[in-house]
Amino acid sequence: MGLQAASLVVVLAAWEGLARAGWVDPLFVPAPSAVARSVPSLAAVALAGLADTLAKTAMAYAVSIVAGVAAGLVLGGARVLDDTLRPFVIALYGMPKILVLPWIVLLLGYGTLPAVVYGALHGFFPVLVLVSGAVRDVDRHLLTVARAFGARPWQLYLKVVLPAIVPAVLAALRLGVVFCLLGVLVVEMFAGVRGMGSLMGALANGFRAPELFAATALVSAASIAIVLGLDALNERLSRWR
Amino acid sequence: MTALIRAAVIVAGLAAWEVAARVGSPLLYVPPSAALPALRDLLLLRSYPDVLEHLWLTIGEILAAYGLAVAAGLGVGGALGLYRTLGRVYGPILAALYAVPAVVWYPSLMLFFGLDAASKVAFGFLLGFFPITLAVLAGIRQVNPQLVTVARAFGAGPLTVFAKVLVPGMLFTLVGGLRTGLALSVVGVIVGEILGSKAGMGALINHAYGLLRTADYVALVVVTLVVIVAADVGASLLERRARRWTG
């Protein structure tokens, strides 16, 4: 931890020194002190943008988790369906979603809806793949025994399958949020009028490097905080299990 | 039997697409029956006569980005894996940075490298770099440390240890990372082109979309997808080969 903080300080100091000595063009690589100075003037706009982006991400996240877990339960539970559709799911998961982004914007316009849809699209497939895989790999013996003791289908899902896939769902919760945030930011950069993505795009186009660096740091910090928060939650839940 | 059902799923999907698209506005929805002629026009160089130049540019950007990502990923991952202290200090920083949606770096790269190919190469590099580095790091940890100790005792330097002991020992993990890295480098280049560029397939896609030439847009997407799928098929063949070699 000490070494990590120390190397961060060294990097920042070296960067500051290079910028002051004029070895890098401050138009493109501003000194850390210049970035820090830009924070007060940017703070209000950036925080509003971040709130907007995170609100869209939360909506996209909710949609992708609910739809992904539901579809994963269906797909993983029915062997025939899974065997048939798996290649399509893998292909859609691997396909760069950016190719359909222009069409989504064409259909849904500029604003909140395309960002939520595209963000959810990003989050949906990893959740679906993780959850359907976990459902498929539920110990067959447990299912057989539960059935032998007369469990009904809904009881099988509630008492055997759901507890067994909790780790996969938790992993999906962690993975999905980064994908959703990524999708929302991409839409905002491509065709946004609000949010951090559009703010960062505008700052880059305006050659306002100090503000851009500050905004980038803010989004990065927010997303690291979210992931660490989910990790902590994960840890707590797995201890409880 | 499953192959038959899969074919039926594809046909049903295309049919549904055709019906749905005919109901909607032709400016927004393109049925397959309209996309195919657009694809023919594109391939015959009628709709975009310079499509091949753009295609080569995109492929060139992908190759450059991936080459840099492989070189840097092997170097950084190897250094962090071989020198445990370095790995303990900087491994978590890398993992934390990996948790940041990579697209946040793109505006800075665009500012720094401009709208031309360099910013796309840089972004493709950035996306490909992380999985390769992390795979090298994870792979080195799998290798039996006694093999490394023995090799060192016989006087092997870091590079020899890397090439003769570590790479064969971690090949399985390494090729997985290399394949993911390629897929992400491809995504990075294409995302970069669509977010802002003057040339390349992404620029053509934006052009077609901006002019509501939706059928041409679909055709360009299909051609781009062929490039993407070809890259992944090539990578998976190499992966299979490497797996057979390690047994």
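Residues numbered from 1 in each chain as written. Chains lettered and ligands numbered in written order. Predicted model: local features only at pLDDT ≥ 70, side-chain atom pairs only at ≥ 80, totals over all residues.

Undergrad: I'd love a proper account of the overall build of chain A, names of residues and values included.
TA: The helix and strand inventory of chain A stands at nine helices and zero strands. Overall, chain A shows an N-to-C arrangement of helices and strands of α-α-α-α-α-α-α-α-α. Taking the principal axes of the C-alpha coordinates as reference, chain A spans close to 75 × 50 × 30 Å. A burial count over chain A gives 37% of its 241 residues as buried. (Helix = DSSP H or I, 4+ residues; strand = E, 2+ residues; numbered from the N terminus. Buried ≥ 20, exposed ≤ 12 C-beta atoms within 10 Å, placed from the backbone.)

Undergrad: Explain unusual backbone geometry to me, using residue names and the numbers behind them.
TA: All names here are of chain B. Residues other than glycine seldom take positive phi values, yet Leu 45 does so here, at roughly 65°. As for its placement among the helices and strands, Leu 45 is situated in the loop between α2 (32-43) and α3 (51-82). Here the phi dihedral of Leu 212 falls at roughly 55°; this positive angle occurs in a residue that is not glycine. As for its placement among the helices and strands, Leu 212 is situated in the loop between α9 (201-210) and α10 (214-246). Classification of Leu 212 as partly exposed rests on a count of 13 C-beta atoms within 10 Å.

Undergrad: Which residues make up the packing of helix α8 (residues 195-205) of chain A against helix α5 (residues 106-113) of chain B, and what values do they have?
TA: Remark: α8(A) packs on α5(B), axes separated minimally by 9 Å, with the N-to-C direction vectors making an angle of 10°. Judged by the inter-axis angle, α8(A) sits roughly parallel to α5(B). Residue-level contacts link Met200(A), Gly201(A), Leu203(A) and Ala204(A) of α8(A) to Pro107(B), Ser108(B), Met110(B) and Leu111(B) of α5(B). Classifying every residue of the contact of α8(A) with α5(B) gives six nonpolar, two polar and no charged. (Axes fitted to C-alpha atoms, helices over the stretch in contact; angles between N-to-C directions. Parallel < 35°, antiparallel > 145°, perpendicular 65-115°, else oblique. Contact = placed C-beta atoms within 7 Å. Nonpolar A, V, L, I, M, F, W, Y, C, P; charged D, E, K, R; others polar.)

Undergrad: Please give an account of the interface of chain B and chain A that cites residues and values.
TA: Taken together, the contacts link 34 residues of chain B with 37 residues of chain A. Put simply, the parts of the chain that give the side of chain B that touches chain A at least two residues each are α1 (2-23), α4 (84-98), α5, α8 (158-195), α9 and α10 of chain B.

Undergrad: Provide a residue-level description of the environment of Val104(B), including the pertinent values.
TA: On the secondary structure map, Val104(B) appears in the loop between α4 and α5. Note on Val104(B): 23 C-beta atoms within 10 Å, which makes it buried. Contacts of Val104(B), omitting those with residues within four sequence positions, involve Leu185(A), Thr216(A), Val219(A) and Ser220(A).

Undergrad: Please provide a residue-by-residue account of the packing of α5(B) against helix α6 (residues 117-142) of chain B, values included.
TA: All names here are of chain B. Their axes nearest at 8 Å, the elements α5 and α6 cross at an angle of 145°. Between α5 and α6 the crossing geometry is right-handed. Counted together, Tyr 106, Leu 109, Met 110 and Phe 113 of α5 and Ala 118, Ser 119, Ala 122 and Phe 123 of α6 form the full contact between these two elements. For the contact of α5 with α6, a count of residues per class yields seven nonpolar, one polar and no charged. (Left-handed = near helix turned anticlockwise from the far one by under 90°.)

Undergrad: Explain the nonpolar core residue by residue, including any values.
TA: One recurring pattern in soluble globular proteins is that nonpolar side chains are buried together. The biggest cluster of nonpolar side chains holds 121 residues, and the ones touching the most others in it are Val131(A), Val186(A) and Ala215(A). Sequence-distant contacts of Val186(A), defined by excluding residues within four places in its chain, comprise Ile98(A), Leu101(A), Tyr118(A), Gly197(A), Val103(B) and Val191(B). (Core = buried A, V, L, I, M, F, W, Y, C linked by C-beta atoms within 7 Å.)

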